[in-house]
Every structure is written in structure tokens, then in C-alpha cells.
Amino acid sequence: MCNSQAGVWVNTQSETPAKFSLDRNKFCCNFGANLRSIASYFLKVNHQHEGIAFMVYINELANHVDQQAELKGWVYNTRSSKKLIFLVIRDGTGLCQCIVNKDDVSDEVWEKASELTQESSVSITGNVTADERSVGGHELHVSDISVFQVADGYPITPKEHGIEFLMENRHLWLRSRRQWAIMRVRNEIIFSLHEFFQNKGFIQMDAPVFTGNAAEGTTTLFSTEYFEDQAYLTQSGQLYGEAMAMAHGKIYTFGPTFRAEKSKTRRHLTEFWMIEPEMAFYDLDMNMELAEEMLAYVVQRVLKNCSEELDILERNKEVLEKVQAPFPRLTYTEAIELLNSDKTRQMLDEMEASRKSEQEKLLEEKEKLEKEYGQAKKGRKVQIDKRLREINMRTDDIEEDLRNIPHWREKALNIKWGEDFGGSDETILTMHFDRPIMVHGYPAEVKAFYMKRDAQDEKVALGVDVLAPEGYGEIVGGGQREDDPDILRKRIQEHDLPEDAFRWYMDLRKFGSVPHSGFGLGLERAVCWICGIKHVREAIPFPRMMGRLYP
């Protein structure tokens, strides 16, 4: 017998006692679990041999072709003809079309199938067949149906809905195909981040959510009473991460962070998740190499493991395939020069002309389709409706670009050294490249107090931002931390921060200070970029934004 997780073999016929590298309690636990798994496996095989249906998940159907199976889930869609009812079922792992043939089932089963509505919960039994034309590549030819509940008036129907309606019903919107795909990609990103850091010898540690100080030194904090003191919801786990790195060398934290910025842009949430590695003895160059290696790893894992989800989202995979290290690197000074350049002016002029030409062609096509619609047959009307939706979405994007381009052009051509980049500046910079770029050496005045200065130029901070292409902007921010206690104390005073709240942080420079670096990846922005979605509100199950605390 083999314990696959522990890698322990037990020869039950041997007279020689087995030797284990595991402690007895752990082995007994795993041994018992494996006995249960083996018993379950043989029971399943026996049931299949006898033609008894066994519950399976939709993503496991390929292993059960020509066998009886039981699916438990919800009705995603229905359609019917005289003697056939087609039920598309979802169970969280995928979709499967279940075919109910009136000649093959009892009157009771046929009546149950006829009464099912969108999101009714059911258990469906039948024979599994392979069919590449069907959603998911398999079908279930139904023999029996059990109904848990017939849903009454599910609000999110297949028709178009406004974003406010969908946000009010976010608890239900999560069931839709597109949102399902986004959450699956989010899960893969999280898993691959853990995998990346664990494989590199990092350990995960946890920073507190309540804190007595502001990591960024800003006033955009959510404050709360903490017994007789005032506390804040954390903006970042970084400061605590530095302490943990001094104990373990390489660590990362992963948890929620909160910012009270009164911003309503598509890039901002008030509650979001950050993964923040901190490394002792890392300088800025080592930090940058780790960040680009991490991003390349994550994107390639998503491409490998979430191909179906990216297809559902209609994500251009060729763009993601180009995300390979090394990334282009620019100093802040070089980035300013690129924004001010004739190359940028020409690029934006060409973009504006191209958008106007495309808009004209799309509006002509829209006019022709609308004229055709009245005389078209039902099947053609479905095609026209789909294409009109695509045209409307694209023309909305074009109109937004045409409104923005003049502002982008003016701002880019006139930005001066020392100013921080806005969203449009980041967008324009990435337009010049086909993958994420790394901008480093920012003016110290626009960076946080803990950022170390360049020894060659005190005006420059040893910080880096990774900017994602296609207008998604900053997804990683970090740099080398100030390790000199006297300089750090001076920075805290210059930013008018309470020294007592940072006393523990100063101790890190008092007892064995070393060069160290780190960065933070905003999970939701990364999800937006990799999925190719426009607004960060779709990148988290229940978004928290200005004016949005429900559900």
C-alpha cells in the first residue's frame, strides 16, 4: 500500500517491521485517510460495474464516458422542442448539456424537466457521452432528475443589464460565466504566487490588520477606536514584513489592505489584497529581477492552466505570451524624455487618426445591420444582435479614447522632471512596448519616507514600479529600504510622523541593520490585466468602493 502524499510504502506481507521517517501520529492519520480513499475508490468502481450512477463533477466527465453519472448543480440555461429538453447545468467546475428525451424517461421526469427554470438546483442522472460540439465537450443523456428547488424569478437573465443593477446583485452575478472565469483566473494567480515564493525558499507570514502607524505616511487611512487608543486599518504589511525578514531572511505577506482615497477611477478599491515579499541583503537590482521573474511565472501558469477561462473572457493570449523576462527598464529620467518626445506625439496622432477611421467604418456597418434587422429571420437576428453589441462596446471604447487622447498628448508633452506619473502617463509609456516595463529611480520627493536614496544623487530614490501594458498601469511598486537609522529618523521627522509609533521600526536599524528590499503586488490590478477586464470591481468577489458597501 502507498501513501501518495507522504511517499511511504507498507508491505503488509513482510515479516520485517516497516521503517518510517514520519512520526507515529502523523503516519496513523495519513494511513487511515488512505484506507478510506481506497475503500471509496473500490466502492465507486463496483457501482460503475453494476451500472449505478456515482456523483461526479463536470470537469471529471472525461473519465466517465459511457458510464452512468450523477451531476448536482444549477440550471444555467434551458431550451426545448417537442420531444427534447436541453438543460445546461453548471456545478462550479464547468457547464454540461443534459439532454432529456421524452421517449427515454418517465412522465414524472419529463414533467420535472419541463418545470425547471434558470438557477433551479437539481441532481441529474444519465449516461455520459463525448461530443466536441457540446459545451464542455461532453453531454449527459438523462434518465432521472431530482429537484432541490425550482428558482422563481432569477433576476440576472441572459439579456443585457446595467452595471449598477449587476453590482446590487453581485452575490448572484458571481454565478455568470464571465465572472466565473475571472474568479478562476484569480485563484490561479493566487496559487501560482504562493508556489513561486515557496519554491524559492520564502516563508509566508502575516502582518496585522490593525496598526498604530501609516506605512505610506499619508492621511488616506481608515481610522477606528481600539479600546482607549486610535488604530488604523493597514495600508500595507511592508513595515512588519521588514521585521519578519530580519528573522527569516526571505518572507512574504498576503492579505487585505485598505485605503481611504476618495477615488472613483477604474483602478481603485478601498479594500484590496496585496502580496508583499521582503528580503534581507537584497539591493534594488535583485529586487527588480525577482519582481519580473514572479510576474512572468504567474502569467505563464495562467496561460497553461486557465486556457478555457481566458477564452471565455476573449483575452488575447498572444499579448500574455510575450510576458517573458527580462522586461524593458527605464530610469524615471528616460521615461520623462520618452513622454516629451516627438515619438510619443506621432504615436498619439496616429492613434487618433486610426480610431476615427475605425469609428466611421463601424458606424457604417451598424447602419446596414439595423436596416437588415427588420427583414431578417430569427437565426440571423440573433447574429445581428450579437454583432451590434460588439460594435456598441467597441465604439464606446473608441469614443473614450478620442476624448482622452488630446488630454494625454498635452500632459505627456508637458510633464516635467519631479512630477509623479498619472494613469495616462503610465498608459502612454507602456504603449511603446509589448510587455510590462520597469521604471526606476524616481524623484525621492514623490516616494515614501522609508525609500533609500541613491548614493550618487540624493534627489533620486531607489524605487521601482512595474507598469502593465494595454493601459493597466502600475501593478508592482517597491524598492530598497533605508537601512541607516540616522537617515530614517530624519525622514520620519521630515514627514511629520509620530516617532513613538515607529520606535519598533527604528529598532530594526539599531540591532543588526542590513541592506534589504521588497515590493508589493496589487492582486486585483494583476487580475484585471491578465484577464483583460476594464474595471477592478470585477476582479474581487465583493468589491468595496466609494458608495459601494452592499452586498
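Residues numbered from 1 in each chain as written. Predicted model: local features only at pLDDT ≥ 70, side-chain atom pairs only at ≥ 80, totals over all residues. Heavy atoms only, no water.

1. Comments concerning the side chain of Arg90
- Tracing the sequence through the fold places Arg90 in strand E5 (residues 84-90).
- The exposure class of Arg90 is buried, given its relative accessible area of 11%. (Helix = DSSP H or I, 4+ residues; strand = E, 2+ residues; numbered from the N terminus. Buried < 20%, exposed > 50% of the residue type's maximum accessible area, 1.4 Å probe, protein only.)

2. Quick word on the environment of Thr395
- With respect to the helices and strands, Thr395 occurs in helix H12 (residues 378-414).
- Remark: the alpha-carbon pair of Thr395 and Gln359, spanning 36 residues in sequence, is separated by 6.2 Å.
- For Thr395, the residues in contact, after removing those within four places along its chain, are Leu362 and Leu363. (Contact = heavy atoms within 4.5 Å.)

3. Notes on the confidence of the model for the chain
- Residues at a pLDDT of 70 or more form 90% of the chain, whose mean pLDDT is 91.
- Taken as a whole, residues 1-29 scores under 50 in pLDDT and shows 23 contacts with residues more than four places along the chain or in a different chain. (pLDDT = per-residue confidence, 0-100.)

4. A look at the packing of aromatic side chains
- Under the definition given, this model contains 17 aromatic pairs.
- Note that Arg177 overlies the ring of Trp180, its terminal NZ or CZ placed 4.8 Å from the centroid.
- Here the guanidinium or amino end of Lys447 rests over the ring plane of Tyr442, the centre of that ring lying 4.2 Å away. (Phe/Tyr/Trp six-rings, centres within 6.5 Å; stacked < 30°, edge-to-face > 60°. Lys NZ or Arg CZ within 6 Å of the ring centre and 35° of its normal.)

5. Details of the side chain of Gln359
- Structurally, Gln359 can be placed in helix H11 (residues 342-373).
- For Gln359, the residues in contact, after removing those within four places along its chain, are Ile398, Glu399 and Leu402.

6. Comments concerning the pattern of salt bridges
- In the structure shown here, the tally under the stated rule is 39 salt bridges.
- Here Glu365 and Arg387 are joined by a salt bridge, their closest N and O atoms 2.8 Å apart. Here Glu365, found in helix H11, pairs with Arg387, found in helix H12; they are 22 residues apart in sequence, far enough to count as distant.
- For Arg387, a relative accessible area of 28% corresponds to the partly exposed category.
- The partner of Lys534 in a salt bridge is Asp397, with the nearest N and O atoms 2.1 Å apart. Taken as a pair, Lys534 in the segment after helix H16 (523-531) and Asp397 in helix H12 lie far apart in primary sequence, 137 residues in all. (Salt bridge = Lys/Arg side-chain N within 4 Å of Asp/Glu carboxyl O.)

7. Some words on the sheet that holds strand E12 (residues 229-233)
- Taken in spatial order, the 3 strands of this open sheet run E10-E12-E11, and their pairing is antiparallel. The sheet is open, and its two borders are formed by strand E10 (210-211) and strand E11 (223-226), each paired with just one other strand.
- Sheet analysis places E10 next to E12, joined by 2 bridges and oriented antiparallel. In the sheet register, Thr211 faces E12, and the bridge partner there is Tyr232. (Pairing = 2+ DSSP bridges.)

8. Concerning the sheet that holds strand E9 (residues 203-204)
- Read across the open sheet, the 8 strands follow the order E9-E13-E14-E21-E20-E19-E16-E15; overall the sheet is mixed. One side of each edge strand has no neighbouring strand; the edge strands of this open sheet are E9 and strand E15 (329-331).
- In this structure, strand E20 (residues 473-480) lies alongside strand E21 (residues 516-522), joined through 5 bridges in antiparallel fashion. Paired with Val476 across the two strands is Leu521, which belongs to E21.
- Relative to the sheet, H16 contacts strand E13 (250-258), strand E14 (271-280), strand E19 (463-468), E20 and E21, its axis offset from that of E21 by approximately 55 degrees. (Axes fitted to C-alpha atoms, helices over the stretch in contact; angles between N-to-C directions.)

9. Let's talk about the environment of Gly522
- Structurally, the position occupied by Gly522 is in strand E21.
- Residue classification places Gly522 among the buried positions, given a relative accessible area of 12%.
- In this structure, the C-alpha to C-alpha distance between Gly522 and Ile275, residues 247 residues apart in sequence, is 6.9 Å.
- If we skip the residues at most four places from it in the chain, Gly522 touches Trp273, Met274 and Ile475.

10. Here's the deal with the pairing of E13
- Extensive coverage of E13 is indicated by the burial of 7 of its 9 residues.
- Here E9 runs beside E13; their pairing, made up of 2 bridges, is parallel. Note that in E13 the partner of Gln204 across the bridge is Tyr252.
- By the bridge criterion, 9 bridges tie E13 to E14 in an arrangement that is antiparallel. Across the sheet, residue Lys250 finds its bridge partner in E14, namely Met279.

11. Quick look at the pairing of strand E6 (residues 95-101)
- Of all the 7 residues making up E6, 6 are buried; the element is thus mostly covered by neighbouring parts of the structure.
- For E5 and E6, the ladder comprises 7 bridges, and the chain directions are antiparallel. Looking at the pairing, Leu87 lines up with Cys98 of E6.
- In this antiparallel pair of consecutive strands, E5 and E6, the connection spans 4 residues, and Gly92 shows a positive phi of 100 degrees.
- In this sheet, strand E8 (residues 138-149) lies alongside E6 in parallel orientation, the contact comprising 3 bridges. Across the sheet, the residue bridging to Gln97 is Glu139, located in E8.

12. Structural notes on helix H2 (residues 107-115)
- Listing the buried residues of H2 in full gives Val109, Trp110 and Ala113. On an axial view of H2, the arc spanned by its buried residues comes to 100 degrees, and they lie on one face. Structural note: H2 exposes Asp107 and Glu108 on the side pointing more than 90 degrees away from its buried face.
- In the core, the buried residues of H2 are packed alongside E5, E6 and E8. (Arc of directions from axis to C-beta.)

13. Description of the packing of helix H5 (residues 177-199) against helix H7 (residues 284-305)
- Here H5 crosses H7 at 135 degrees, and the two axes come no closer than 9 Å. On the basis of their axis angle, the class for H5 and H7 is oblique. For the element pair H5 and H7, the recorded crossing hand is right-handed. Contacts between H5 and H7 involve Val185, Glu188, Ile189, Ser192, Leu193, Glu195, Phe196, Phe197 and Asn199 on the former and, on the latter, Leu290, Glu293, Met294, Tyr297, Val298, Arg301, Val302 and Asn305.
- Looking at side-chain class alone, the contact of H5 with H7 contains 10 nonpolar, 3 polar and 4 charged residues. (Parallel < 35°, antiparallel > 145°, perpendicular 65-115°, else oblique. Left-handed = near helix turned anticlockwise from the far one by under 90°. Nonpolar A, V, L, I, M, F, W, Y, C, P; charged D, E, K, R; others polar.)

14. Overview of a nonpolar patch on the surface
- Taken together, the side chains of Phe210, Tyr226 and Phe227 define a hydrophobic patch exposed on the protein surface, amounting to about 390 Å² of accessible area.
- Its place among the elements puts Phe227 in the loop between E11 and E12.
- Classification of Phe227 by relative accessible area gives exposed; the value is 74%. (Patch = residues over 30% accessible without salt bridge, like charges linked within 9 Å, V, L, I, M, F, W, Y side chains within 5 Å. Areas by Shrake-Rupley, 256 points an atom, 1.4 Å probe, with all protein chains shown as cover.)

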